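Coordinate analysis (summary)
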Amino acid sequence: GDLIFEISVLGIAIFLYAAGVTLDSKNPISVMRPYWWPKMILILILIASFALILTSVRELWVYRRPREASKKAWPWLLAQTVNIILLVALQNLLGFLVSAIIFSIVSSFIIDGKLKAVHIFISFAIPFGLTLFFGSVMGVVLPRGVGFLRELSFLIY
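Calculation rules
- Residues numbered from 1 in each chain as written.
- Predicted model: local features only at pLDDT ≥ 70, side-chain atom pairs only at ≥ 80, totals over all residues.
- Heavy atoms only, no water.
- Helix = DSSP H or I, 4+ residues; strand = E, 2+ residues; numbered from the N terminus.
- Buried < 20%, exposed > 50% of the residue type's maximum accessible area, 1.4 Å probe, protein only.
- Contact = heavy atoms within 4.5 Å.
- Core = buried A, V, L, I, M, F, W, Y, C linked by side-chain atoms within 4.5 Å.
- 1 Å grid on protein atoms, 1.4 Å probe; cavity = no way out; pocket = protein on both sides within 12 Å on 5 of 7 lines; lining within 4 Å.
- Points joined across faces, edges and corners; volume = space filled by probe spheres on them.
- Nonpolar A, V, L, I, M, F, W, Y, C, P; charged D, E, K, R; others polar.
- Patch = residues over 30% accessible without salt bridge, like charges linked within 9 Å, V, L, I, M, F, W, Y side chains within 5 Å.
- Areas by Shrake-Rupley, 256 points an atom, 1.4 Å probe, with all protein chains shown as cover.
- Salt bridge = Lys/Arg side-chain N within 4 Å of Asp/Glu carboxyl O.

Remarks on the overall build of the protein
Within the protein, the regular secondary structure consists of six helices and zero strands. Helices (α) and strands (β) of the protein occur, in sequence order from the N terminus, as α-α-α-α-α-α. Per-residue burial for the protein yields a buried fraction of 24% across its 157 residues. Long-range pairs, those at least 24 residues apart, make up 59% of the contacts in the protein with a sequence separation of at least 6.

Overview of the nonpolar core
Formed by Phe96, Ala100, Phe134, Met138, Val140, Leu142 and Tyr157, the largest nonpolar core amounts to seven residues. Core analysis: the next-biggest nonpolar cluster, separate from the first, contains five residues, Ala13, Leu42, Leu46 and Ile53 among them.

Details of the side chain of Ser49
Note on placement: Ser49 falls in helix H2 (residues 37-63). Once you skip the residues sitting within four places of it in the chain, Ser49 turns out to touch Glu6, Val9 and Leu10.

Some words on empty space enclosed by the protein
Considering all chains together, one arrives at one cavity of 30 Å³ or more under this definition. Reported here for the largest cavity is a volume of approximately 50 Å³. Secondary structure elements with two or more residues in the lining of the largest cavity: helix H4 (96-112) and helix H6 (148-156). Partitioned by chemical class, the residues of the lining of the largest cavity number eight nonpolar, two polar and one charged.

With respect to a nonpolar patch on the surface
A cluster of nonpolar residues, Phe109, Leu115, Ile120, Phe124 and Phe128, forms a patch on the protein surface that exposes about 430 Å² of accessible area. Ranked by residues supplied to the nonpolar patch, first place goes to helix H5 (residues 117-137) with three residues. Along the polypeptide, Phe109 turns up in helix H4. On the accessibility criterion, Phe109 (46% relative accessible area) is partly exposed.

What follows is the structure in structure tokens.
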């Protein structure tokens, strides 16, 4: 199961990278612009997928048996999948910053089972950092949300 998933992720990443390379750029100068960051992320996904595939193949080859999946992993995986779906669904309504903060807090609770002050601090720090980096420095248009959240987003990025 792990190997099939890892090969699927590798295939999807290759397809997305190939599609991204063929897109026309409005800027003839080859410098780092906002449209480069998805390509960089896809390159990291390709490297990680390849490493995971090698690890899974090595484990199957050396031990001659697949790892047994923990029964506790399935509820965690389902909860995290629902959390990701909610993140994507709420971004246009709440904006990137607020939805990313909510996503981070819920993810921390799902992973650790309790909510500590450090989790809340990190849940605010990382989305603010990503928003400032991609929204302000890289010039990527992030979802702004509606109502007062839209006005708040104009103050931040």
